[in-house]
Amino acid sequence: MADKKTVKKDTKKDSKKVKNAWLKYAAKDLKALNSLCDEYRDFISVCKTERECVDEIVAMAEKQGYKNLYEVKKVKAGDKLYAVNKGKAVVLFVVGTEPLEKGMKILGAHIDSPRLDIKQNPLYEDTELAFLDTHYYGGIKKYQWVTIPMAIHGVVCKKDGSVVKVVIGEDDKDPVVGISDLLIHLAQDQMDKKAAKVIEGEDLNVLVGSMPLKDEEKDAVKANVMKLIADKYDIEEADFMSAELEVVPAGRARDYGIDRSMIMGYGQDDRICAFTSAKAIFNCSSIDRTAACILVDKEEIGSVGATGMTSAFFENIIAELLDKMGAYSELAVRRALQNSHMLSSDVNAAFDPNFPSVMERKNCAYFGRGMAFSKFTGSRGKSGSNDANPEFIAKLRAALDKHEVSYQMAELGKVDQGGGGTIAYIMAKYNMEVIDSGVALHNMHAPWEVASKADIYETEKGYEAFLKEI
Ligand code: MN
Ligand code: MN
């Protein structure tokens, strides 16, 4: 048996040497990893809109004993609470023993993903085919969204106040819909176009029918589709005006790779960070400073709108929380926010050997190396980014090392190759400590994105370490 000192030294050496997290796992780690990833795969298979994510997170929270903040009169240490904003954003709290003024430990992520939104006057017929007209949401390579099976998810709000939930294309017996592309045999002109012009935004028309309704003189195919929709959902064509319907890739997320080490699924940006953040707060029972997890909408179009991160929702909820603690004042709200620490999570780009030229190998994320942290994001000289303070990063490193979490510092790509924004800078406006963190992906914003299971597991453990130690 080696002496204690030697064992300790060796372990330390190993943890530095082993960059790939897979190499450190014992059987029990793999069991926990697979259990988390199975649950995650199921989550992204059914949660394909922000509303579906909110509904599922609330259901999970209620199972854990969380109560609706708006329905609670008094709040005390140990309480577990949630609040929903207009069905499209949600915040979870585990109330700490310390006064809220001392600040919170906040996990944040977004639950909206790139997709095709159905327009408000969508249904039309052209040459005996019925289509739904769309306007894409978020940054997409449009040519990736044609010739794949698509589903329709969303809500139709009727004048009588009722809300009809729609999901078409997910059940094995459901039909799917989709967008056509030109056959290669006639694509000589198309193939000479720039990638941005091969498929244009206004051409993302979803084919939904080809069978005419008998005895209908005008637009009989459209009439038939509308009749089927009306019969199933009890809605009329005018109800599309007050609908929010999203066309998304149809089908479930899958294990990816012959070794099953990855997951391929739609909308992993950023439901991968949302799910793991929620799991981490669910695993946190008692805490010193209050833990919060905020999952927001509209990040992909600039965090705007009532349900995006720039909305006053979170600030208002902190005021509500303080009020229910009997501690409300304007100053207390400001102190609670300013004294907080936050992991603002969003996906990062994992190094892809098929496209090495856009990455700087020393400073990018790799599959299997764990939770990815970005001191800054932005583009062209860090423009628009939150630049995390090194004092905060040092504290995080200590917390992550203490809990043996694998992590990596990563920039999104090479300087001046592009860039991206997150919700980090918005929360930093309150003068809290914020850093970008999350899971690295291949195929970001494509219909099917890929993530490493080891990174999912390490990131969830990283959030737990943050909640315990910061
Ligand atoms: Mn994105
Ligand atoms: Mn994102």
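Scroll up for the structure.
Reading guide: rules and limits
Numbers given for residues are sequential positions, taken from 1 along each chain in its written order. The lettering of chains begins at A and the numbering of ligands begins at 1, in the order of writing. The model is predicted, so local features are restricted to residues of pLDDT at least 70 and side-chain atom pairs to those at 80 or more, both for listing and for counting; the totals for chains, interfaces and linings are taken over all residues. Calculated side-chain values reflect all of the structure's heavy atoms, with hydrogen atoms and water omitted. Helix and strand definitions follow DSSP, with helices as H or I runs of at least four residues and strands as E runs of at least two, each counted in order from the N terminus. Radius of gyration: over C-alpha atoms. The globule rule applied is 2.2 Å multiplied by the number of residues raised to the 0.38 power. Three labels apply to residues, based on accessible area from a 1.4 Å probe with only protein chains included: buried if under 20% of the type maximum, exposed if over 50%, partly exposed otherwise in between. Any two residues whose heavy atoms approach within 4.5 Å at even a single point are treated as in contact. Under this rule, positive means Lys or Arg and negative means Asp or Glu; His and the chain ends count for nothing. Every charge is mapped to an atom, namely NZ of Lys, CZ of Arg, CG of Asp or CD of Glu. Atoms are scored as donors when they are N, O or S and lie within 2.8 Å of the metal, with 3.2 Å used for Na, K and Ca; no water is included, so coordination may look incomplete. Note on patches: the residues involved have over 30% relative accessible area and no salt bridge, like charges join within 9 Å, and the nonpolar side chains Val, Leu, Ile, Met, Phe, Trp and Tyr join within 5 Å. Using a 1.4 Å probe, accessible areas were evaluated by the Shrake-Rupley method; residue-level cover was limited to the displayed protein chains. Note on definitions: salt bridges are taken to be side-chain nitrogens of Lys or Arg within 4 Å of carboxyl oxygens of Asp or Glu. Here the expected length of a helix is defined as 1.5 Å per residue gap, with one fewer gap than residues. All axes are obtained by fitting lines to C-alpha atoms, using only the stretch in contact for helices, and the reported angles, taken between N-to-C directions, cover 0 to 180 degrees. Crossing handedness is defined as follows: a turn of the near helix away from the far one that is anticlockwise and smaller than a right angle gives a left-handed crossing, while the clockwise case is right-handed. Each residue gets one of three labels, nonpolar for Ala, Val, Leu, Ile, Met, Phe, Trp, Tyr, Cys and Pro, charged for Asp, Glu, Lys and Arg, and polar for the others, Gly among them. At least two DSSP bridges between two strands are needed for those strands to be called paired. Under the pairing criterion, centres of Phe, Tyr and Trp rings, with the six-membered ring standing for Trp, must be within 6.5 Å; the plane angle then separates stacked pairs below 30 degrees from edge-to-face pairs above 60, leaving the rest tilted. The scheme is simple: roughly parallel for angles under 35 degrees, roughly antiparallel for over 145, roughly perpendicular for 65 to 115, oblique for anything else.

Caption draft 1: How the structure looks around the overall build of the protein. Secondary structure summary: the protein contains twelve helices and 20 strands in total. On C-alpha atoms alone, the protein measures out to a radius of gyration of 24 Å, which is about the 23 Å that the 2.2 N^0.38 rule sets for 470 residues. Considering only C-alpha atoms, the protein reaches an extent of 85 × 55 × 45 Å along its principal axes. For the protein, buried positions account for 52% of its 470 residues. Long-range pairs, those at least 24 residues apart, make up 76% of the contacts in the protein between residues at least 6 apart in sequence. Treating the 65 positive side-chain charges of the protein as one cloud and the 73 negative ones as another, the clouds have centres 9 Å apart.

Caption draft 2: Looking closely at the coordination of the manganese ion (ligand 2). Protein-derived ligands of the manganese ion (ligand 2) are His-110 (NE2), Asp-269 (OD), Asp-346 (OD) and Asp-346 (OD), with the metal-ligand distances lying across 2.1 to 2.5 Å. Read N to C, the donor residues that coordinate the manganese ion (ligand 2) are spaced as H-x158-D-x76-D. Separating the manganese ion (ligand 2) from the manganese ion (ligand 1) is a gap of 3.2 Å, which Asp-269 spans by donating to each of them. Residue Asp-269 is located in helix α7 (residues 268-282), and its partner Asp-346 is located in the loop between β14 (341-345) and β15 (348-349); the two are separated by 77 residues in the primary sequence. Per residue, the accessibility class of Asp-269 equals that of Asp-346, and both read buried.

Caption draft 3: Region of interest: a nonpolar patch on the surface. Nonpolar side chains collect at one region of the surface, where Leu-182, Leu-183 and Leu-186 lie side by side and expose about 290 Å² of accessible area between them. Checked against the element boundaries, Leu-182 lands in the loop between β8 (163-168) and α4 (188-191).

Caption draft 4: Representation of helix α6 (residues 220-233). The terminal C-alpha atoms of α6, which comprises 14 residues, lie 20 Å apart, in line with the 20 Å expected from a rise of 1.5 Å per residue. Within α6, burial applies to Ala-220, Val-221, Lys-222, Ala-223, Asn-224, Val-225, Met-226, Ile-229 and Tyr-233. Its buried side turned inward, α6 meets β5 (115-126), β6 (129-137), β8 and β9 (206-209).

Caption draft 5: Inspection of the coordination of the manganese ion (ligand 1) at higher detail. Looking at the manganese ion (ligand 1), one finds its protein donor set to be Asp-269 (OD), Glu-300 (OE), Glu-300 (OE) and His-445 (NE2), positioned 2.0 to 2.6 Å from the metal centre. Positions of the donor residues of the manganese ion (ligand 1) along the chain correspond to the pattern D-x30-E-x144-H.

Caption draft 6: The environment of Ile-184, seen in detail. Relative to the elements of secondary structure, Ile-184 occurs in the loop between β8 and α4. Among the residues examined, Ile-184 registers a relative accessible area of 58% and is labelled exposed. Along the backbone, Ile-184 and Ser-357 are 173 residues apart, and their C-alpha atoms lie at a distance of 29 Å.

Caption draft 7: View of the packing of helix α8 (residues 313-324) against helix α9 (residues 330-338). As a packed pair, α8 and α9 sit with axes 10 Å apart at the nearest point and diverge in direction by 120 degrees. Crossing angle aside, the handedness with which α8 passes α9 is right-handed. Two secondary-structure elements touch here, α8 through Phe-314, Glu-315, Ile-318, Ala-319 and Leu-322 and α9 through Ala-332, Val-333, Ala-336 and Leu-337. Broken down by class, the residue content of the contact of α8 with α9 amounts to eight nonpolar, no polar and one charged.

Caption draft 8: Main features of the sheet that holds strand β16 (residues 371-374). One open sheet accounts for nine strands, arranged β1-β2-β3-β13-β4-β14-β18-β16-β17; its pairing is mixed. A strand with exactly one partner marks an edge of an open sheet, and here the two such strands are β1 (67-68) and β17 (407-409). By the bridge criterion, three bridges tie β16 to strand β18 (residues 433-438) in an arrangement that is antiparallel. The residue of β18 that forms the bridge with Ala-372 is Gly-438. Its contacts with the sheet put helix α12 (residues 453-469) on β4 (105-110), β13 (291-296), β14, β16 and β18, and the angle it makes with β4 is roughly 150 degrees.

Caption draft 9: Layout of the pairing of strand β3 (residues 89-94). Judged by how many residues are buried, β3 sits mostly within the fold: six of six residues are covered. Residue alternation in β3 divides its side chains into two sets, Ala-89, Val-91 and Phe-93 and Val-90, Leu-92 and Val-94, and both sets are buried. Direction of pairing for strand β2 (residues 80-85) relative to β3: antiparallel, over a ladder of six bridges. Looking at β3, one finds that Val-84 is bridged to Val-90.

Caption draft 10: How the structure looks around unusual backbone geometry. In this structure, the amide linkage connecting Asp-269 to the following residue, Asp-270, adopts the cis form with an omega of 10 degrees. In this structure, Asp-270 sits in helix α7. A positive phi angle is found at Glu-128, which is not glycine, with a value near 60 degrees. Of note, the phi angle at Asp-215 is positive, near 65 degrees, even though the residue is not glycine.

Caption draft 11: Structural detail: the packing of aromatic side chains. As enumerated under the stated definition, the model contains ten aromatic pairs in all. Ring geometry for Tyr-40 against Phe-275: centres 5.5 Å apart, planes inclined by 50 degrees, an arrangement best described as tilted. Here the residue Tyr-40 occupies a position in helix α2 (residues 27-46), and Phe-275 occupies one in helix α7, the gap between them amounting to 235 residues. For the pair Tyr-40 and Phe-275, one class covers both residues: buried.

Caption draft 12: Summary view of α8. Over its twelve residues, α8 extends 16 Å from the first C-alpha to the last, a length consistent with the 16 Å expected when each residue adds 1.5 Å. Among all positions of α8, only Phe-313, Phe-314, Ile-317, Ile-318, Ala-319, Leu-321, Leu-322 and Lys-324 are buried. Elements in contact with the buried residues of α8: β2, β3, β4, β13, α9 and α11 (424-428). Just downstream of α8, Gly-326 is the residue with a positive phi angle, here 70 degrees.

Caption draft 13: Seen up close, the packing of helix α10 (residues 390-402) against α12. Contact pair α10 / α12: the axes reach a minimum separation of 9 Å and the direction vectors enclose 110 degrees. The pairing of α10 with α12 is recorded here as roughly perpendicular in orientation. Pair α10 / α12 crosses with right-handed handedness. Where α10 abuts α12, its residues Phe-392, Leu-396, Ala-399, Leu-400 and Lys-402 lie against Gly-462, Ala-465, Phe-466 and Glu-469. For the contact of α10 with α12, the per-class residue count stands at six nonpolar, one polar and two charged.

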